[in-house]
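Okay, here's what each chain looks like letter by letter:
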Amino acid sequence: MPYTEGKGWHDLTIQPYRNFSLDPAAMVLHYGQAIFEGMKAYRGKDGGIYLFRPADNIERMNISAARLCMPQLPVDEVLVALKELLRLDEDWIPTAKGATLYIRPTMIATEAALGVRPAKQYLFFVILSPVGAYYPEGFNPVKIYVTDKYVRAVPGGVGHIKTAGNYAASIMAAVEAQQAGFTQVLWLDAVERRYIEEVGTMNIFFVIGDEIVTPPLGGSILPGITRDSVIQVAKGWGLNVVERRITIDEVLAAQENGSLKEIFGTGTAAVISPVGSLHYKGQDCLINNGETGALSQRLFDEIQAIQYGAKEDPYGWVIRV
Ligand code: PMP
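Everything quoted here is computed from the prediction, not taken from an experiment. (Residues numbered from 1 in each chain as written. Predicted model: local features only at pLDDT ≥ 70, side-chain atom pairs only at ≥ 80, totals over all residues. Heavy atoms only, no water.)

Caption draft 1: Spotlight on the packing of aromatic side chains. Counted by the stated rule, this structure contains 14 aromatic pairs. Each ring, one from Tyr 3 and one from Trp 9, has its centre 5.1 Å from the other, and the planes form 65°; the classification is edge-to-face. Residues Tyr 42 and Tyr 308 carry aromatic rings whose centres are separated by 5.0 Å and whose planes lie at 70° to one another, so their mutual orientation is edge-to-face. On the criterion of sequence distance, the pair formed by Tyr 42 in strand β4 (residues 39–43) and Tyr 308 in the loop between α7 (294–307) and β17 (318–320) is long-range, its members being 266 residues apart. The exposure classification of Tyr 42 matches that of Tyr 308, with both residues buried. Counting every residue linked through ring pairs, the aromatic cluster contains Tyr 3, Trp 9, Tyr 122 and Phe 124. When the ring centre of Phe 182 is taken as reference, the NZ or CZ atom of Lys 143 above it lies at 5.3 Å. The ring of Tyr 195 carries the charged tip of Arg 245 above its face, separated from the ring centre by 3.7 Å. (Phe/Tyr/Trp six-rings, centres within 6.5 Å; stacked < 30°, edge-to-face > 60°. Helix = DSSP H or I, 4+ residues; strand = E, 2+ residues; numbered from the N terminus. Buried < 20%, exposed > 50% of the residue type's maximum accessible area, 1.4 Å probe, protein only. Lys NZ or Arg CZ within 6 Å of the ring centre and 35° of its normal.)

Structure below.
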């Protein structure tokens, strides 16, 4: 669906997957006005197609758009079109256990112009891709590398939005972590390099004593939809969830004194990703003996059951397409 200044969004169509052309001067290629979202469609036990909190994804995309001076999307119209697309492409939604259809809404600046300013033309498109089960053989706790060399976001920057440049800037840290044998990077704050922010493409939670601690949304981490879902489910179970700043030293001290019970990441891809070990300043720290914690498992089972329409959804999160 193209956008033209003065005309707004127009000519919404559903088309077979294909290449499209861009002018070499398209502003996205030079000045990086590119935003996207990631969500999934699930094939329920009853054969139905389920979407999990899709309006929240489109609303988050509008926050990204506003920050980069890109146009707002009409949320209701996009949701109607998305449901239509899923109905047309129904056979693409996998039936294998744990498999899903990944949905990637994207917006880019297409106007051909040199000079840094908001573009006057954009393209919004949605691509779909079937993905296999994230955990085909059960949980696989991740090994995390804490970087104090690189930062992902700075105060006043764009860390809270889903823009392509954030991911480009994170690749080098991820490559170095992988070369050292780790699965994900844990980012610290840019100012003091002590406060924990988030992991790779996930938000992060620490179970310390009787608290479940997660860094607050302060402008430099992505407001994860899974993060918010975990907070609501855990609070609904009467658990003590605290959104507060937490340093890497506090986590390591809690590990030393035995009060750190588990760590897990949250995100659309994995839902819950247990953390098996942390590596910081040359030292390795095993979390929960490298095993999946009980709360990680319980949250995963609960949220997956809601996503697949297998369990009552008291939150109104799930939409049957
Ligand atoms: N942080 C970052 C940087 C991410 O890319 C993602 C994945 N969208 C998340 C956190 C988790 O967000 P969500 O739960 O909405 O997938």
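Read on for the rest.
Caption draft 2: Summary view of the packing of helix α5 (residues 225–236) against α7. One can describe the packing of α5 onto α7 by two numbers: an axis separation of 11 Å at closest approach and a directional angle of 105°. Between α5 and α7, the angle falls in the class roughly perpendicular. From α5, Ser 229, Val 230, Val 233 and Ala 234 reach across to α7, where they touch Leu 299, Glu 302 and Ile 303. When its residues are assigned to classes, the contact of α5 with α7 shows 5 nonpolar, 1 polar and 1 charged. (Axes fitted to C-alpha atoms, helices over the stretch in contact; angles between N-to-C directions. Parallel < 35°, antiparallel > 145°, perpendicular 65-115°, else oblique. Contact = heavy atoms within 4.5 Å. Nonpolar A, V, L, I, M, F, W, Y, C, P; charged D, E, K, R; others polar.)

Caption draft 3: Molecular detail of the pairing of β4. For β4, a buried count of 5 out of 5 residues is recorded, marking the element as mostly surrounded by other parts of the structure. By the alternation rule, side chains of β4 split into Met 39, Ala 41 and Arg 43 and Lys 40 and Tyr 42, which are all buried. Sheet analysis places β4 next to strand β6 (residues 100–109), joined by 3 bridges and oriented antiparallel. Pairing of Lys 40 across the sheet is with Tyr 102, part of β6. In terms of strand pairing, β4 meets strand β5 (residues 49–52) through 3 bridges, oriented antiparallel. Bridge assignment links Arg 43 to a residue of β5, and that residue is Ile 49. Hairpin connection of β4 to β5: 5 residues between the antiparallel strands, including Gly 47 at a positive phi of 90°. (Pairing = 2+ DSSP bridges.)

Caption draft 4: Quick look at the site of the ligand. Lining the immediate surroundings of the ligand are 16 residues, of which Tyr 167, Glu 198, Ile 225, Thr 226 and Thr 268 lie closest. Measuring from an oxygen atom of the ligand, one finds a side-chain N or O atom of Arg 60 at 2.8 Å. Separating a nitrogen atom of the ligand from a side-chain N or O atom of Lys 162 is a distance of 2.9 Å. Taken by itself the ligand offers 390 Å² of open surface, and the protein chains cover 96% of this. Going through the elements one at a time, α5 and β14 (260–267) are the ones with two or more residues in the shell around the ligand. In the shell around the ligand, the residues fall into 4 nonpolar, 8 polar and 4 charged. (Near = heavy atom within 4 Å. Polar contact = N/O pair within 3.5 Å; in protein donor to acceptor, adjacent residues only side chain to side chain. Areas by Shrake-Rupley, 256 points an atom, 1.4 Å probe, with all protein chains shown as cover.)

Caption draft 5: Highlighting the domain arrangement of the chain. When its domains are assigned, the chain resolves into domain 1 (2–133) and domain 2 (142–312). Just the C-alpha atoms count here: the centres of domain 1 and domain 2 sit 26 Å apart. In this assembly, 25 residues from domain 1 lie in contact with 24 residues from domain 2. A combined buried area of about 2000 Å² lies between domain 1 and domain 2, and 59% of that area is made up of carbon and sulfur atoms. Summed over the shared surface of domain 1 and domain 2, the result is 1 salt bridge. (Domains from an automatic or database assignment. Buried area = accessible area lost by both parts, 1.4 Å probe. Salt bridge = Lys/Arg side-chain N within 4 Å of Asp/Glu carboxyl O.)

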